[in-house]
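# Chain and residue survey
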Amino acid sequence: MTTKLFGEPIARREDARLIVGKGRYLDDIGHGALGVAFVRSPHANARILDIDVSAAVEVAGVHAIYSYEDLDGPMAQPLPVLIPHPSLTAPRTGYPLANGSVSHVGEPIVMVVADDRYLAEDAAERIVVDYEFRTPVVGVEAAERADSAVHEDIPDNVAARLVQEFGDVDAALLQAPHTVSFTQTIERSASMPLEGKGVHARWDAVDESLRVYTSTQTSTSVRAAIATKLDLSLDRVEVIAPDVGGGFGVKIVHPWPEELLIPWAAIRLGREVKWAEDRREHFVSSAHERGQLQRITAGYDDEGRLLALDAHILHDHGAYTPYGIVVPIITSTQLLGPYRLANYRCQVDSVYTNTVIVTPYRGAGRPQGCFAMERTMDRVADDLGLDRAAVREINLIRADEFPWDNHLIFQDGRPLIYDSGDYPSMLDKLRDLVGWEGFEARRSAAAADGRWLGIGMALYVEGTGVGPYEGGHVQVLPSGKVLVSTGLTSQGQGHETAFAQIVAEELGVPIEDIEVHTGDTRRFAYAIGTFASRAAVMSGNAVALAARAVREKALRIAAEVLEVDAADLDIVDGVVGVRGDPGAVLQLSSVAVLSNPLRYAFDEASRAATQFARFASYDQPPVPDDDEPGLEGRDYYSPVRSTFASGAHAVIVEVDPGTCAVTIEKYAVVHDCGRLINPRIVEGQIHGGVAQGVGGALYEVMAYDEMGQLQNASFMDFLMPYVSEVPQRIDIGHQETPSPLNPLGIKGAGEAGVIPGSAAIAAALEDALGIRIASMPLGPSQIYDLIRAAQDGTAEMTLNSARRSQEEST
Amino acid sequence: MKLQGTATLHADRERVFAALTDPGALSRCIPGCESLDLIGEDSYKMTVSAGVGAIRGRYDGQVTLTELVRPDGYVMNARGAGAAGTVDATCRIDLTDDGEQTQLAYSADATVGGPVAGVGQRMISAVAKRMAGQFFAAVDDELTGAQAPLDSVGSASAESAAAPGDGGIQRGYASYLPARRRGELVPADARPLLLAGAGGALIALLGAAVGGWLARRGRE
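The structure displayed is predicted, hence computed values, not measured ones.

## Side note on the overall build of chain B
In terms of helices and strands, chain B carries 4 helices and 7 strands. The linear arrangement of helices and strands in chain B, starting from the amino end, is β-α-α-β-β-β-β-β-β-α-α. Looking at the 220 residues of chain B, the share that counts as buried comes to 54%. The contacts in chain B between residues at least 6 apart in sequence include a share of 62% that link residues at least 24 apart. Counting only carbon and sulfur atoms, one obtains 51% of the accessible surface of chain B, whose full area is about 9100 Å².

## Here we look at the packing of aromatic side chains
Under the definition given, this model contains 15 aromatic pairs over all chains. For the ring pair Phe283 of chain A and Phe718 of chain A, a centre distance of 5.4 Å and an interplane angle of 75° mean the geometry is edge-to-face. Taken together, the residues Phe283 of chain A in helix α7 (residues 279-285) and Phe718 of chain A in the loop between α17 (679-698) and β28 (730-735) connect sequence positions 435 residues apart. This pair shows no difference in class: Phe283 of chain A is buried, exactly as Phe718 of chain A is. Seen from their ring centres, Tyr106 of chain B and Phe136 of chain B are 5.6 Å apart, and the 25° between their planes marks the pair as stacked. In this pair, Tyr106 of chain B is assigned in strand β7 (residues 101-113) and Phe136 of chain B in helix α3 (residues 121-144), connecting sequence segments 30 residues apart. Exposure class is identical for Tyr106 of chain B and Phe136 of chain B. Each is buried. Members of the aromatic cluster, joined through ring pairs, are Phe402, Phe410, Tyr418, Tyr423 and Phe644 of chain A.

## Points about the sheet that holds strand β4 (residues 101-102) of chain A
Residues and elements named next belong to chain A. Spatially, the 3 strands line up as an open sheet ordered β4-β2-β6, and their pairing is antiparallel. Two strands lie at the open edges of the sheet, namely β4 and β6 (128-133), each paired on one side alone. Sheet topology places strand β2 (residues 46-52) next to β6; 6 bridges connect them, and they run antiparallel. Among the inter-strand pairings, Ile51 is bridged to a residue of β6, identified as Val129.

## A closer look at the state of the cysteines
Taken as a whole and assessed by the stated rule, the structure comprises 0 disulfides over all chains. Looking at the unpaired Cys370 of chain A, the closest cysteine sulfur is the one in Cys346 of chain A, lying at 14 Å.

## Description of helix α13 (residues 495-507) of chain A
An α-helical turn contains 3.6 residues, so a residue and the one three or four places further along point in the same direction. Residue and element names in this part refer to chain A. Here α13 contains 13 residues, and its C-alpha end-to-end distance of 17 Å stays within 8% of the 18 Å for a straight helix at 1.5 Å per residue. Buried residues of α13: His495, Thr497, Ala498, Phe499, Ala500, Gln501, Ile502, Val503, Ala504, Glu506 and Leu507, and no others. Phi turns positive, to about 85°, at Gly508, one or two residues after α13.

## What to know about the domain arrangement of chain A
All names here are of chain A. When the domains of chain A are assigned, the result is domain 1 (32-134 + 191-285), domain 2 (292-466 + 640-809) and domain 3 (467-595 + 630-637). Computed over C-alpha atoms, the centres of domain 2 and domain 3 are 40 Å apart. In this assembly, 22 residues from domain 2 lie in contact with 22 residues from domain 3. Summed over both partners, the interface of domain 2 with domain 3 comes to about 1500 Å²; 59% of that surface belongs to carbon and sulfur atoms. If you sort the residues of domain 2 by the area they bury against domain 3, Val466, Ile677 and Leu744 come out on top, with a joint share of 37%. Where domain 2 meets domain 3, there are 0 salt bridges.

## Observations concerning unusual backbone geometry
Backbone phi values are negative for most residues with the exception of glycine, while trans is the configuration of most peptide bonds. The omega angle of the peptide bond from Gly467 of chain A to Pro468 of chain A is 0°, so this bond is cis rather than trans. A positive phi angle, close to 60°, is found at Asn157 of chain A, a residue other than glycine. Within the secondary structure, Asn157 of chain A is located in the loop between α3 (140-145) and β7 (158-166). By relative accessible area, Asn157 of chain A is classed as buried at 0%. The backbone phi angle of Glu67 of chain B is positive, close to 50°, even though this residue is not glycine. Tracing the chain through its elements places Glu67 of chain B in strand β4 (residues 55-69).

## As for the interface of chain B and chain A
On the side of chain A, 22 residues touch chain B, which itself brings 17 residues to the contact. Taken together, chain B and chain A are joined by 1 salt bridge. Linking Glu69 of chain A and Arg122 of chain B is a salt bridge whose minimum nitrogen-to-oxygen distance equals 2.8 Å. Here chain B and chain A share 7 residue pairs in polar contact (both at pLDDT 80 or more) between them. For the side of chain B that touches chain A, the secondary structure elements donating two or more residues are α3 and α4 (201-217) of chain B.

## As for the pairing of strand β1 (residues 34-40) of chain A
Residues and elements named next belong to chain A. A large share of β1 lies buried, amounting to 7 of its 7 residues. Here β1 shows two buried faces, one formed by Leu34, Val36, Phe38 and Arg40 and the other by Gly35, Ala37 and Val39. The pairing of β1 with strand β5 (residues 108-114) spans 6 bridges and is antiparallel. Within β5, the residue paired with Val36 across the bridge is Val113.

## Looking at the packing of helix α9 (residues 366-384) of chain A against helix α10 (residues 388-395) of chain A
All names here are of chain A. Between α9 and α10, the least distance of the axes is 9 Å, while the angle of their chain directions is 115°. As for the relative orientation of α9 and α10, their crossing is right-handed in sense. In this structure, α9 contributes Glu374, Met377, Asp378, Val380 and Ala381 to the contact, and α10 contributes Arg388, Val391, Arg392 and Asn395. When the residues that make up the contact of α9 with α10 are grouped by side-chain class, the tally is 4 nonpolar, 1 polar and 4 charged.

## Describing the pairing of β2 of chain A
Sheet analysis places β2 of chain A next to β4 of chain A, joined by 2 bridges and oriented antiparallel. By the bridge assignment, Ala46 of chain A is partnered in β4 of chain A with Val102 of chain A.

## Some words on the pattern of salt bridges
Residues and elements named next belong to chain A. Considering all chains together, one arrives at 61 salt bridges over all chains under this definition. A salt bridge links Arg305 to Glu303; the shortest N-O distance between them is 3.0 Å. With relative accessibility at 43%, the residue Glu303 sits in the partly exposed group. If you follow the salt bridges from partner to partner, you end up with Arg40, Arg117, Glu121, Glu258, Asp278 and Glu281 in one network.

## Quick look at the sheet that holds strand β13 (residues 292-300) of chain A
All names here are of chain A. Spatially, 6 strands are ordered β7-β15-β14-β13-β8-β29 in an open sheet, and the strand pairing comes out mixed. The sheet terminates laterally at β7 and β29 (775-776), the two strands that pair on one side only. Looking at chain direction, strand β14 (residues 306-316) and strand β15 (residues 344-351) are connected through 8 bridges and run parallel. Across the sheet, Leu314 pairs through a bridge with Asp349, a residue of β15. Against the sheet, helix α8 (residues 326-334) contacts β7, β13, β14 and β15, and its axis sits at roughly 20° relative to β7.

What counts, and where the lines are drawn
All chains use their own residue numbering, which begins from 1 and follows the written sequence. Chain letters and ligand numbers both follow the written order, the letters beginning at A and the numbers at 1. This being a predicted model, a pLDDT of at least 70 is required before a residue's local features are given, and a value of 80 or more before pairs of side-chain atoms are given or counted; all residues contribute to the totals for chains, interfaces and linings. Computation of side-chain values: all heavy atoms of the structure, hydrogens and water removed. Helix numbers and strand numbers start at the N terminus; a helix is a DSSP run of H or I with at least 4 residues, a strand a run of E with at least 2. Under the scheme applied here, a residue whose accessible area is under 20% of the maximum for its type counts as buried, over 50% as exposed, and between as partly exposed, the area being computed with a 1.4 Å probe on protein chains only. What makes two residues a contact is simply this: any of their non-hydrogen atoms within 4.5 Å. Each accessible area is a Shrake-Rupley estimate made with a 1.4 Å probe; only the visible protein chains count as cover when residues are assessed. Classification of ring pairs uses Phe, Tyr and Trp, with its six-membered ring standing for Trp, and accepts pairs whose centres are within 6.5 Å; under 30 degrees between planes counts as stacked, over 60 as edge-to-face, and the remaining range as tilted. In this analysis, strands are considered paired if DSSP registers two or more bridges between them. When two cysteine sulfur atoms lie within 2.5 Å, the pair is treated as a disulfide. Given the number of residues in a helix, its expected span is that number minus one, multiplied by 1.5 Å. What counts as a domain boundary in this text is fixed by an automatic or database domain assignment. Once two parts are put together, the accessible area they lose, assessed with a 1.4 Å probe and summed over both, is termed the buried area. Criterion for a salt bridge: a side-chain nitrogen of Lys or Arg within 4 Å of a carboxyl oxygen of Asp or Glu. Throughout this description, a polar contact denotes any pair of N or O atoms lying within 3.5 Å of each other; where both atoms belong to protein, one of them has to be capable of donating a hydrogen while the other can accept it, and for residues adjacent in sequence the pair is counted only when both atoms sit in side chains. Axes here mean lines fitted to C-alpha atoms, for a helix over just the part in contact, with angles spanning 0 to 180 degrees between N-to-C directions. Each helix crossing is assigned a hand: it is left-handed if the near helix lies turned anticlockwise from the far helix by less than a right angle, otherwise right-handed if that turn is clockwise. Residue polarity follows a fixed list, in which Ala, Val, Leu, Ile, Met, Phe, Trp, Tyr, Cys and Pro are nonpolar, Asp, Glu, Lys and Arg are charged, and the others, Gly among them, are polar.

So, in structure tokens, the structure goes:
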């Protein structure tokens, strides 16, 4: 009996080596390499007048000092716009080193290469740059006002106006029995992986080839970018993602200036060159996300049915648009959530500001979309005096209505069609899990005691497994080892475990025999990357298909050797045998040996494959037509469109009336990502996402002042939640609506945990305080201000709070 | 790449011009200059020993002076090549009266190739400017200090370095090094450095300086 591994919560295989220091992260590589430091702009908006390096050359151990003038050919051109889009009418990207002007604090201007990083920093400190200061544009409202411009030739600061619509929103709003209009904001946060970015490059002058290690989410795309920009043939460049300590989206952007400059310098200097950023660099020269201002108008009927929704969103895009408008596209499409809607318009204005660039961070625009829709639901319920879960329920798409076409184009360029799901069932499970029905009694009892409790919920739908494809290669070596390779990368998702589970079950081998490799262009060169909750769906299916091809070939070869029908054979624990007949067996390793007809034997095992060792038909060549030597399979999975996971979160919070501190008493998650490869890994993904959701809802902001200076560019002031802030217990309920779009029936799970965090917590705080919450995150100071304003009569109160006061007084 | 700058020399133009076009004076003021020999009409062959710290080498170059207009100025062309790269430079020197002093303006156009060009333009020009400043200071000392009058064409040994800080002619490469590097040993088999070829004042310095920087880093 084959050991069932798909669906088993086995412990992760990669953790043992990572937690005893046997990980190999970027900074563990290349101890003899030259070190690099950058002079980065201290101004948010300035022209560069002069760069004086005369003091820097006196630092012993400096090998080179580069500025824009040293760049030539494609390196002297702007960095690419990775994802063009017709609505992105005014794209703008930076240069690897600033070309005459800088548009955000942190933009690289000069690169110093020295014996080590310390010396490089010493030299960089002595470089004097002369700036002509210009007025920076900070915040979407300032960008919209356009008193000044981030880029001189884009006076209105608008990179793109994206409109997603169907039906007739204006007419529907006019006819709606009720309408509500409100404005709300979400602040910037950022991925903040534990390990920052890093690049190591070595030019082999003998082979004339380049090897680059980079802490990236897409080694194949970085390879293509480097080859293009450095004018090298693709076959002369290898890129490897080593162990990566977290990505969460920021490492999908490429090529970073450093990913081009470090290899470029390595070639020019004929030496290994390495750069690993420090935390402050990461704050000011990586990427942020989440910042939006949303103006929403919704029309609904007496039962709370949504008739029309019109959203106008100002999306803060930072100084440049290298990743196109993917985040706005995701916000404007995923805003619809699990609800039916006949009339919709979402216009997202992506505006430039003199701040760090905005590119996807786990969720990639979905949290903002969820915030818009879910807070609308809360407002509708509040206006009508209805239960917030009931209002949602009446709007849900039913389980028998799939596939559900939303009549929009998603971020993969394909129709936004929900393939499967059961939203009503999800909502029911959530109500049970969190204790929704009985909560009001708890809340009012606590209020009588002077304690402020509140409950909130938020639902979402998430498009996962976006294409265009991923590939898998499975090979059984003569030793019996099974090599599994896929081109996308790993940053802690447990790929070495999950993909091994799939292959172990498909092929019938012990999981201990399997070795998984990801993110290495030497091993698998066709890939897209790890992002958008796609790795399990894409590479999981691809390696499954490849493993099936290997199984089929193994059975065919074994059938010949054992002289039986292939249909009678099974592979169990790496042994091929006839079902029900313990005698006739063949080790899979032997099949691997025999799959490669040899002339020369160099060990005991390979002797069996040589020309005199086994009988072969004289009419057939050793390698028949259409066959290949070796026991390996390669296949690809390319989806017709994304597959849609879904989920629902509910949270009970308590606000301390004195300190305004927020405690999360209960956090409930119902999660549907189709079939699960490893429930333990999925649970870990949910926990991590919830932690980031809590961080974004209560603690994390990028505090830019009006001069574009980031005032909290360190963990002292940028507050990420500790274990003490993340809920001690997260109650998780599972639901599985398999995906009809891929052979394994799985959907992505990577981002789900973070999507509804701000919406659910905002709703819970609003419930606890009775005060309208229209901006997140909310810390104790903001809550205190809201309470004071409520006492002064200047805060907007919920209608519910008035109803409660009335009830209490009767 | 282009390089320009100025210097003030405390002597009249005639004496300045003479110093700058006198092989003996140049060989004393150029760091590590071992020989500067006339090989044709206003054309010289130069050998310079330069390096940083433990790594030194000898390199050769060729300098030609043209458009000599005493005492207004001249143009020098310098060429040199070596393992670390090549330099081909043209430099214009202009002298203007300033009372009892002379204002010197130099303007150079250099094409740098090979590995030496890989260190970045601003680094090359910064090093060259720094060494040019030091060279002109040395020429100025020669003009104002209590030393022998200008020699005719001949060689000068770079090894006879004056003791540091004696205020007289600073000879040899050692005096242009930061203090901590003086007195270090010179291995006989030091690898060859960039040819100074640019025998003219600042181009020789460019070569010596950059070659020295390269030598310090190149321990392959």
